[in-house]
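Here is how the chains run, residue by residue.
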Amino acid sequence: MGFIDGLFGVGGVKKKKKKKREMEAESDCEAINGLSAIASSVLHRCSRILDLETQKLIQLFETELPDHAKEPDKYARNLLEYCSYKALCEETKKADYLSEKEFRVLTYDMMLAWTTPDPHTESKNETSSENQREIEEDEDDTDSLFCASATKNAIQIERKQTVSSEAFARITPACPAIADPITVNNLFESLTSYSNGRLHFLIYDKYLKFLDKSVRSAKSTPAHSKLLQLCEGEIILDVDGISPTNSVFQQVGTSTRPGRLTLTTRAIYFEPLGVGFSHSKALVYDLDKDLKQVIKRECTGPWGARLFDKAVMYKSSSLTEPVFLEFPQFKGQTRRDYWFAIIKEILQAHKFIRKFNLTNLKKFEAISQSTLGILRYRALKDGFHIMPSQVKSTLNFYLAEKLPKGDKILDALYSHLELVFNVSGLKNQSQTGLGTGPFPPSISILKNMGFVDLRGEMEFGFDGLQVGCGPGPLELAVRRSIGYSGRAEAARATLEQVKMEDIDTNVAVLKELLFPLMRIGELMLFLADWEDPFKSHVFLFLFLFLIYRGWVKYIIPFVFFCCAVFMLWHKHNRKGQPIGAFQVAPPRNKSTVEQLITLQETLSKLEMSIQEGNIFLLKLRAILFAAFPQTTNKVAITLIVTAVLFLIFPFKSILLIILLEAYTRQMPVRRESSEKLIRRIKEWWGRVPAAPVQLVRCQESNRR
């Protein structure tokens, strides 16, 4: 075999490649003054990618960047960032860079080098890593045999250098396919859920492999796209129900059909399964148009029953009734939750586009961010079986909708798009040195991957982008919103603790909470009934004095002021201690039969209340439309006299008369006359007939 290899030159080629790799490895080991070993290695590899000598690359850094970026304490890290961003910009021009092992190793080493860019931080980090490793080994002794998953078990075996969240957030957004500046922290938390907030290469490598798999899967549907007759630039994001045994069910009214579901950057496509396991023409549910769409989780079941919580409801102004897309699953709702999240992401992206009237490249950039976010979300689901919660989502626009003050994130994102895609702004930026951060547009990544064709409209680079700069407006908006979300999550956790399952228990809690107001109401009724004439007279004269002096307008401000003083007083005395539990006496336990009887009585009372309300409204309708002229005349004359009184007398005087009449109605002097007046009004109201009602059956419209 050696003779054949030598004859055809195979052995010579292998030797040359091996020699080249050895030379590159030797050059990577050459130390650079002021840099750590890992940082020197990264710089050498970046120079090879850029086809520049290492010293030439350092000279470019010193020439292009301002003086404040070259200060001694920042020099090493800023130099590393500059070279890393330059190299990543060149590497991401390839279509399949995610599949290259060298790229995955390089980006991980960039993050390690960012953590220890110089010899001082390198030695300091080695000491802290040894201490942390000893602590983790002690912790693993107790539970190493009972790992939560195979991933966690593998992490326990791999005890090498790990990456922090700061390094991950600084390097990975430079490649928008890997991470986005809005959701980069949530992505890091998802990847490090089993490793105590430190990212291992094993996890990072697995994530990029599944991300590459998601990208290839999205690009491998040309035949399917022809069947759906997609618009130009429309990208298929995911397909479900390909196998007839794993179909998605569409439910409209009582009609249910299995089929295949496809989500694109513009709409939802459902292809019903027909005879011979062939799919019929797709039904299209638009997401890009303003049709007042509503997407939410729902329960479905046979004949419209709400039994299984595994569906997504789509409702819009173009449909006569909502459409339910059911995702059958033996255990859990992860399949439904995944599709709900990615559908909401596309819907919110188009709402963002309409809100700010984005066109051309700005519109494509918003869609591109959603596309890459869904591909990352899919990689997490397939590779790690992780479904981040709403406030920890890795989908940009879905996260902005759920976070407190998420609208501020969208405003900052719009300003970012305006700056990035404003040609004059880019020119001014490169002249003044004010950058937008080291993050290239997502649309350029999709273009390089072959998803979209910009036809040479614009090329993107890193010209004018600052290195070593602090967080921009977009990152600051995200940090503020996440800070608010922490408090919102803590408040939401308390809600789950106080929710009561039993109706009687909830009523008992409500009564105890409203007890002060109920006591005030009982006191007012006691005074109005004149059971104690002295107290009732004192309250009446006090109230008349307040009205006479014009102090009524100060009552509400006085109440608010007292409430504020009450709260501040409790805050001062409590001194940060948690509030005590609200104690409620539980009601008597009822048997199942008693609960059913109580439910029946409650429903009967509710039905009677609704009937009385309908009768009242129908009587008013009869009076308003003069169904009975004699009654209408009396009511019309009364309203005219009342209107004249409101025009003649001041409102304060009329209010005083009304309150005096209501309060003194039960006085010993007025009690008999008041009872007669109320009786006459009830007799008159009883003689007013109700307007007729006729139930008309509407013909059912043809269902889609």
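Structure report, in brief. (Residues numbered from 1 in each chain as written. Predicted model: local features only at pLDDT ≥ 70, side-chain atom pairs only at ≥ 80, totals over all residues. Heavy atoms only, no water.)

### Quick notes on the overall build of the protein chain
Right, on to step 1. For the protein chain, the helix and strand inventory stands at 27 helices and eight strands.
Right, on to step 2. Burial statistics for the protein chain: of 704 residues in total, 37% are counted as buried.
Right, on to step 3. Carbon and sulfur atoms provide 60% of the accessible area of the protein chain, an area that totals close to 42900 Å². (Helix = DSSP H or I, 4+ residues; strand = E, 2+ residues; numbered from the N terminus. Buried < 20%, exposed > 50% of the residue type's maximum accessible area, 1.4 Å probe, protein only. Areas by Shrake-Rupley, 256 points an atom, 1.4 Å probe, with all protein chains shown as cover.)

### Considering the packing of aromatic side chains
Right, on to step 1. A complete count under the given rule lists 21 aromatic pairs for this structure.
Right, on to step 2. Judged by centre distance (6.5 Å) and plane angle (35°), the rings of Phe646 and Phe651 are tilted.
Right, on to step 3. With a relative accessible area of 41%, Phe646 lands in the partly exposed category.
Right, on to step 4. Here Phe651 falls in the exposed class, since its relative accessible area comes to 56%. (Phe/Tyr/Trp six-rings, centres within 6.5 Å; stacked < 30°, edge-to-face > 60°.)

### Quick notes on a nonpolar patch on the surface
Right, on to step 1. Together, Leu510, Leu513, Leu514, Leu517, Met518, Ile520, Met524 and Phe582 line one region of the surface with nonpolar side chains, adding up to about 770 Å² of accessible area.
Right, on to step 2. When contributions to the nonpolar patch are tallied by element, the ones reaching two or more residues are helix 20 (503-513) and helix 21 (515-528).
Right, on to step 3. Here the nonpolar patch takes four residues from helix 21, the largest share from any one element.
Right, on to step 4. Inspection of the secondary structure puts Leu510 in helix 20. (Patch = residues over 30% accessible without salt bridge, like charges linked within 9 Å, V, L, I, M, F, W, Y side chains within 5 Å. Salt bridge = Lys/Arg side-chain N within 4 Å of Asp/Glu carboxyl O.)

### Topic: the environment of Ser317
Right, on to step 1. Mapping Ser317 onto the fold places it in the loop between strand 7 (308-315) and strand 8 (323-326).
Right, on to step 2. A relative accessible area of 54% means that Ser317 is categorised as exposed.

### What about the side chain of Glu365?
Right, on to step 1. With respect to the element layout, Glu365 can be found in helix 14 (residues 360-384).
Right, on to step 2. Among buried Asp, Glu, Lys and Arg side chains, Glu365 stands out as unpaired, with Arg376 the closest opposite charge at 9.6 Å.
Right, on to step 3. Apart from residues no more than four positions distant in its own chain, Glu365 is found in contact with Leu417, Phe421, Pro441, Ser442 and Ile443. (Lys, Arg positive; Asp, Glu negative; His and termini not counted. Contact = heavy atoms within 4.5 Å.)

### Observations concerning the packing of helix 14 against helix 18 (residues 442-449)
Right, on to step 1. Interaxial distance between helix 14 and helix 18 falls to 7 Å at its minimum, and their mutual angle equals 70°. Taken as axis vectors, helix 14 and helix 18 run roughly perpendicular relative to one another. Along its contact with helix 14, which presents Leu361, Phe364, Glu365, Ser368, Gln369, Thr371 and Leu372, the element helix 18 presents Ser442, Ile443, Ile445 and Leu446.
Right, on to step 2. Looking at the contact of helix 14 with helix 18 residue by residue, the class counts come to six nonpolar, four polar and one charged. (Axes fitted to C-alpha atoms, helices over the stretch in contact; angles between N-to-C directions. Parallel < 35°, antiparallel > 145°, perpendicular 65-115°, else oblique. Nonpolar A, V, L, I, M, F, W, Y, C, P; charged D, E, K, R; others polar.)

### Details of the pattern of salt bridges
Right, on to step 1. Here the structure, examined in full by the defined rule, presents 33 salt bridges.
Right, on to step 2. With a closest N to O distance of 2.8 Å, Asp109 and Arg45 form a salt bridge. Taken together, the residues Asp109 in helix 6 (residues 101-115) and Arg45 in helix 3 (residues 37-49) connect sequence positions 64 residues apart. For the pair shown, Asp109 and Arg45 are each scored as buried.
Right, on to step 3. Linked through salt bridges whose partners overlap, the residues forming this network are Glu234, Arg266, Asp286, Asp288 and Lys289.

### Some remarks on the nonpolar core
Right, on to step 1. Leu98, Phe168, Leu191, Tyr204, Tyr207, Leu263 and Ile268 are the most contacted members of the largest nonpolar core, which totals 94 residues.
Right, on to step 2. When neighbours within four sequence positions are excluded, Tyr204 is seen to be in contact with Arg104, Thr107, Tyr108, Met111, Phe168, Thr172, Ile178 and Leu199.
Right, on to step 3. In this structure, Leu361, Leu413, Leu417 and Val478 belong to the second largest nonpolar core, which totals 24 residues. (Core = buried A, V, L, I, M, F, W, Y, C linked by side-chain atoms within 4.5 Å.)

### Observations regarding helix 4 (residues 54-64)
Right, on to step 1. For helix 4, the complete set of buried residues consists of Thr54, Leu57, Ile58 and Phe61. For helix 4, the angular spread of buried residues about the axis comes to 100°, placing them on one side.
Right, on to step 2. Elements that come into contact with the buried residues of helix 4 comprise helix 3 and helix 5 (72-91). (Arc of directions from axis to C-beta.)

### Things to note about a positive patch on the surface
Right, on to step 1. Where like charges cluster on the molecular surface, the positive patch consists of Lys405, Lys408, Arg480 and Arg487.
Right, on to step 2. For Arg480, the position within the fold is in helix 19 (residues 473-498).
Right, on to step 3. Judged by relative accessible area, which is 54%, Arg480 ranks as exposed. (Charge placed at Lys NZ, Arg CZ, Asp CG, Glu CD.)

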